[in-house]
2 protein chains.
Amino acid sequence: MSETIIHAWGLAARPQGLPRPEDFTLVRLAAPPLAKGEVRVRNTCLTVSPAMRVRMSAETRGYLPPYGLGEPIAAAAVGEVIESRAPDLPEGAAVLHQLGCRDIAQGPATAFERLPDAGPPPELFLSELGSTGFTAYSGLVGIADCEAGETLFVSGAAGSVGSAAVQIGKALGLRVIGSAGGPAKCQLVRSLGADAALDYKSPGGLLEKLAAAAPEGLDIYLDNVGGEHLDAALGVANPHARFAISGMISSYNMEQVTETFHNLNRIVTRRIRIEGYLPGTDLASLRPAFQDQMWSWIVSGAVKPLNTVRRGLGTIPQAISDLFAGAAVGKLLIRL
Amino acid sequence: MSETIIHAWGLAARPQGLPRPEDFTLVRLAAPPLAKGEVRVRNTCLTVSPAMRVRMSAETRGYLPPYGLGEPIAAAAVGEVIESRAPDLPEGAAVLHQLGCRDIAQGPATAFERLPDAGPPPELFLSELGSTGFTAYSGLVGIADCEAGETLFVSGAAGSVGSAAVQIGKALGLRVIGSAGGPAKCQLVRSLGADAALDYKSPGGLLEKLAAAAPEGLDIYLDNVGGEHLDAALGVANPHARFAISGMISSYNMEQVTETFHNLNRIVTRRIRIEGYLPGTDLASLRPAFQDQMWSWIVSGAVKPLNTVRRGLGTIPQAISDLFAGAAVGKLLIRL
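First, a word on scope: everything that follows refers to the structure included in this document. Model, not experiment: these values are computed from the prediction.

A few words now on helix α3 (residues 183–191) of chain A. Residues and elements named next belong to chain A. Residues of α3 that are buried: Lys 185, Cys 186 and Val 189. For α3, the angular spread of the buried residues around the axis is 100 degrees, confining them to a single face. Opposite its buried face, α3 presents the exposed residues Pro 183, Ala 184 and Ser 191, each directed more than 90 degrees away. In this structure, the buried side of α3 is in contact with α2 (160–171), β9 (175–180) and β10 (196–199).

Here it is, written out as structure tokens:
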């Protein structure tokens, strides 16, 4: 039997600020033979996400350890089992896993989640039906306890979690305001159903733009940006507003995070609740209801998957760099 | 019947930064005769609190409107009914009200809460048995859902809410760390039962001091300071830490609040919940249980009331100024 070679992206250097394509290097690994209980998977599609940036720093500020230099980096991927020594995962099965950024993944069957043979296509489990959609849904339902008629502000509304949150918010009966960078993305956000979109890159203060878009104030803020967006949301929050914080991309590329705030005292005066969450671990009990609900929204057209698709393993370094440059809308998928 | 003259402190000028005694002026008001259903009360003790500062600015950032210039300012007080046209509140009854900063208060009986004839002395309802103690208790029990064995950090631990929180925390089985300004106050905090006290005025960074005092990290933070204290607490918070925010005195004297933070991204990575609260309105259902529990702690000696007492209406302007200069420990009471 011929030797299988795995191609995987590793960290060549720790990024200073924004990741650049040259911070990554393609690693070639000889795949060891499968042990009992293991499977080998050919990835068909994988994704990169801003949260990967946290693990690229030497001192992690995150909940997972830093990537080692030269070691393959992880990411979510879907693929097909091409060799199996695990009876539960036969050849041909579609699976989801977190070993991404490579063409071939292998390991114990427990590291792979089997996907349904019929129904949603596997790629959806990397985006709207996966952690992206679940981050939006669990933030609105599980953290913010949203109620129909309330006003929701979504930062990064043309992004992966944001574009899902805008559509889920509308499906749940909320008034939705989204922020995005530039007129084209704002137009996209409105086309997703948002009642208003604000361009954070246009001249003027974010607080004033948000106050104009939400004259009735905010009840819920789904934040994956932090920084000035968070400060502006505090500035127009209604009493008892709930802020579900799934990320703070504004600080991911800072080696020393220093942010200026003007409105944090409104946490007290408006009795605001701000809560960070990791949907996968903190809110896992909501996942079955989420997958049923989300798939029915996708089938009915209430939620339209929004992706930016690249092709080929070689596009990954540029894709990671583009994530932070705002060069993608929706979820960034790499089809292999 | 001779005319009754009320002496009340009003705002002479809106403070710029820290309130100074000359920002206040003594107003003399002729008391109108009582209408049916009204009572007249001679105050015996009143209190001033940092939250009063918020209403001294022209543009309130608070939940109550600004004080008018020359109009009497409000504060909590206890007193004795000296004249009554309300059957439920006879002469001699002890009452609590919010019309303070004056020698005589009068109005509809509904503005006065009758205090028990026996049991706790009235002054306790201005401090440990009143909103001060309730702010500490409801923050720990109602907002932070504290559990025995967890580690609590209390800012302003020699202050009114803080000194109550340290003692309540110990009574609830928590490990307690308090911050205070200067060695004498830190010694006081330890004498209240705190496991550790840190001096925020001593040389060195607050984050480092807090990390040294809480090598096991923080599970709960009861904050009435905000600013650098809040940032440091974020820096050493354990996963799923809960921050109950009852005040942000660090910003009360700023006309334009600008604060720098380094650790806000840990809201996400440590899944921290930060929640502002107004105990009186948000958590009122806890009050009966609180008063029973707190009185039994006071009777048993588990909680020792901590007050700074001034005497005479004339001491009020200096007392307000002293509040922000750290010149008082525990609750600042003015006996008349």
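Counting across every chain of the model gives 24 salt bridges over all chains. Between Asp 145 of chain A and Arg 273 of chain A there is a salt bridge, with its nearest N and O atoms 3.3 Å apart. Taken together, the residues Asp 145 of chain A in the loop between α1 (131–143) and β8 (151–154) and Arg 273 of chain A in strand β14 (residues 273–276) connect sequence positions 128 residues apart. With a relative accessible area of 42%, Asp 145 of chain A lands in the partly exposed category. Close ionic contact of Glu 22 of chain B with Arg 20 of chain B constitutes a salt bridge, the shortest N to O distance being 3.7 Å. Through salt bridges with shared partners, one network takes in Arg 20, Glu 22 and Asp 23 of chain A.

This paragraph deals with the relation of the copies chain A and chain B. Of the two same-sequence chains, chain A is brought onto chain B (RMSD 0.0 Å, axial shift 0.0 Å) by a rotation of 180 degrees. Between the two chains, the operation in question is that of a two-fold axis. Comparing interface residues between copies, 100% of those in chain A also sit at the interface in chain B, which points to an isologous, same-surface contact.

All names here are of chain A. Under the defined criterion, the tally for this structure stands at eleven aromatic pairs over all chains. On the numbers, 5.1 Å between centres and 50 degrees between planes, the contact of Phe 134 with Phe 290 is tilted. In this pair, Phe 134 sits in helix α1 while Phe 290 sits in helix α9 (residues 287–300), placing the two residues 156 residues apart along the sequence. In this structure Phe 134 comes out as buried when scored by relative accessible area, which is 0%. According to the relative accessible area criterion, Phe 290 is buried, its value standing at 0%. Here a set of aromatic residues connected by ring pairs shows up, and it is made of Phe 134, Tyr 137, Phe 290 and Trp 297. Over the aromatic face of Phe 134 sits the side chain of Arg 287, whose NZ or CZ is 4.5 Å from the ring centroid.

On the chain B side, the residues contacting the 31 residues of chain A number 31 residues. Summed over both partners, the interface of chain A with chain B comes to about 2,800 Å²; 59% of that surface belongs to carbon and sulfur atoms. The largest share of the area that chain A buries against chain B comes from Asn 265, Val 268 and Arg 271 of chain A, three residues that together contribute 20% of it. In this assembly, chain A and chain B are joined by two salt bridges. Residue Arg 271 of chain A pairs with Asp 282 of chain B through a salt bridge whose shortest N-O separation is 3.1 Å. At the junction of chain A with chain B, the criterion picks out 13 residue pairs in polar contact (both at pLDDT 80 or more). At the level of elements, β12 (237–245), β13 (259–261), α7 (266–269), β14 and α8 (279–282) of chain A are the ones that each hand at least two residues to the side of chain A that touches chain B. Residue contributions to the side of chain A that touches chain B peak at four residues, all from β14 of chain A. For the side of chain A that touches chain B, the per-class residue count stands at twelve nonpolar, twelve polar and seven charged. Pairing between β14 of chain A and strand β14 (residues 273–276) of chain B: three bridges, direction antiparallel.

Calculation rules
Residues numbered from 1 in each chain as written. Chains lettered and ligands numbered in written order. Predicted model: local features only at pLDDT ≥ 70, side-chain atom pairs only at ≥ 80, totals over all residues. Heavy atoms only, no water. Buried < 20%, exposed > 50% of the residue type's maximum accessible area, 1.4 Å probe, protein only. Helix = DSSP H or I, 4+ residues; strand = E, 2+ residues; numbered from the N terminus. Arc of directions from axis to C-beta. Contact = heavy atoms within 4.5 Å. Salt bridge = Lys/Arg side-chain N within 4 Å of Asp/Glu carboxyl O. Least-squares fit on C-alpha atoms with pLDDT ≥ 70 in both. Phe/Tyr/Trp six-rings, centres within 6.5 Å; stacked < 30°, edge-to-face > 60°. Lys NZ or Arg CZ within 6 Å of the ring centre and 35° of its normal. Buried area = accessible area lost by both parts, 1.4 Å probe. Polar contact = N/O pair within 3.5 Å; in protein donor to acceptor, adjacent residues only side chain to side chain. Nonpolar A, V, L, I, M, F, W, Y, C, P; charged D, E, K, R; others polar. Pairing = 2+ DSSP bridges.

Scope: geometric values only; no functional claims are made or implied.
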